[in-house]
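Here are the chains, one letter per residue:
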Amino acid sequence: MTKKTKMLCFALLALMTIATEAPAQTNRNGRATISINNLNYTQKEQKKNAGSILGAIADVLITGQTTTQQDGYKDAVRAAIVKGFSQAHRVSAIDGQLSAAEAASGNAFYVDVTVSNISTTTKTELSADKTKTKTYHKGIIGLMLHIKDAQTDQIVNSPAFNVSDTDAAWMETAEGALNKALVRLSSGITLYCNRWLPLSANIIEGASDKKDKQKEVYIDLGSREGAVKGLHMAVYTTKTIAGKIAKQQIGKLKIEAVEGDDISLCKVQSGGKDIKAAIDAGITLLVTTTD
């Protein structure tokens, strides 16, 4: 994921409420099955009275821009949502209904989607010599996902995603603008899922150090559970308080090489001193992915 894409995804995440509880797992990094169920497009039609028409004309005169609803992209939005879930570390995505066995697994969810906006903003500019005009477009998508436990039918979370006209550069075609918006939507959903269901592991030993700082470490996460080179991870110490696990972040890692099914080499990006002190003291360190 490029730096620009990450920034756009973080803008999307600012509009979401991250789920407070991950689904129950039978193993540390168990996968969740998520089906995309109903998708409803609830865009409200504007009443065409004299006031609204004059207001629209005034808006065009002031901003030079017009907005057009793109109802024909509803299926494309659905496909982008499925893609966003399917690209997450720990999600198996289904476009449609869960089977009876999947719904009863204890680790399955279905998603009802409410789409409020699929549109393009358009502007027309004159050339420098004022002899030609050129039209540009930006894609806009707004929706909410209602994630529900397949066994209880209870809503787990309802994150909102809004790809706005401030998120992108102007494109020469409406199709190109909407396709860019769909890519950003998928990326935002993937990042949301990876924050909700991160990959978890432990530091198993130090690899290299320099003076009092740890430079590299080994973690017990490998190719079998989805580790890939370049993944960023946070490092935590943990303790139990009143039956609850409390975490305190002490550093950051980046996977440098996946060494096998259940082991990877990581570079310490921050917190090297605290990480080395904890390893030397025999303290168990938890790591979880952050992207």
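**So, the overall build of the chain**
Summing up its helical and strand segments, the chain has six helices and 13 strands in all. Counting over 291 residues, the chain shows a buried share of 40%. Counting only contacts in the chain whose residues sit at least 6 apart along the sequence, the fraction spanning at least 24 positions is 72%.

**Some words on the confidence of the model for the chain**
Averaged over all residues, the pLDDT of the chain equals 86, while 84% of them reach at least 70. Per-element mean pLDDT across the chain ranges from 42 in helix H2 (residues 50-63) up to 98 in strand S12 (residues 263-270). For residues 13-21, every residue scores under 50 in pLDDT, and the model assigns this stretch 23 contacts once sequence neighbours within four places are set aside. pLDDT under 50 marks residues 50-63. Its contacts with residues more than four places away, or in other chains, come to six contacts.

**Section: a positive patch on the surface**
On the surface, a cluster of positive charge is made up of Lys210, Lys211, Lys213, Lys215 and Lys267. Positionally, Lys211 belongs in the loop between strand S8 (200-210) and strand S9 (213-219).

**Things to note about unusual backbone geometry**
Backbone geometry places Lys211, a non-glycine residue, at a positive phi of 55 degrees. Taking relative accessible area as the criterion, Lys211 reaches 77% and is therefore assigned exposed. The phi dihedral of Ala242 is positive, around 50 degrees, even though this residue is not glycine. Mapped onto the fold, Ala242 is located in the loop between strand S10 (232-241) and strand S11 (244-260). Given a relative accessible area of 78%, Ala242 falls into the exposed group.

**A word on the pattern of salt bridges**
Taken as a whole, this structure holds nine salt bridges when the rule is applied. Among the salt bridges present, the one from Glu125 reaches Lys123, with a minimum N-O distance of 2.9 Å. Take Glu125: its relative accessible area is 36%, and that puts it in the partly exposed class. Close ionic contact of Asp262 with Arg224 constitutes a salt bridge, the shortest N to O distance being 3.7 Å. Placement of Asp262 in the loop between S11 and S12 and of Arg224 in the loop between S9 and S10 is noted, with a sequence separation of 38 residues between them. The exposure class assigned to Arg224 is exposed, which follows from its relative accessible area of 59%. Each of Arg28, Asp220 and Glu225 takes part in one network of salt bridges that share partners.

Parameters at a glance
- Residues numbered from 1 in each chain as written.
- Predicted model: local features only at pLDDT ≥ 70, side-chain atom pairs only at ≥ 80, totals over all residues.
- Heavy atoms only, no water.
- Helix = DSSP H or I, 4+ residues; strand = E, 2+ residues; numbered from the N terminus.
- Buried < 20%, exposed > 50% of the residue type's maximum accessible area, 1.4 Å probe, protein only.
- Contact = heavy atoms within 4.5 Å.
- pLDDT = per-residue confidence, 0-100.
- Patch = residues over 30% accessible without salt bridge, like charges linked within 9 Å, V, L, I, M, F, W, Y side chains within 5 Å.
- Areas by Shrake-Rupley, 256 points an atom, 1.4 Å probe, with all protein chains shown as cover.
- Salt bridge = Lys/Arg side-chain N within 4 Å of Asp/Glu carboxyl O.
- Lys, Arg positive; Asp, Glu negative; His and termini not counted.
- Charge placed at Lys NZ, Arg CZ, Asp CG, Glu CD.

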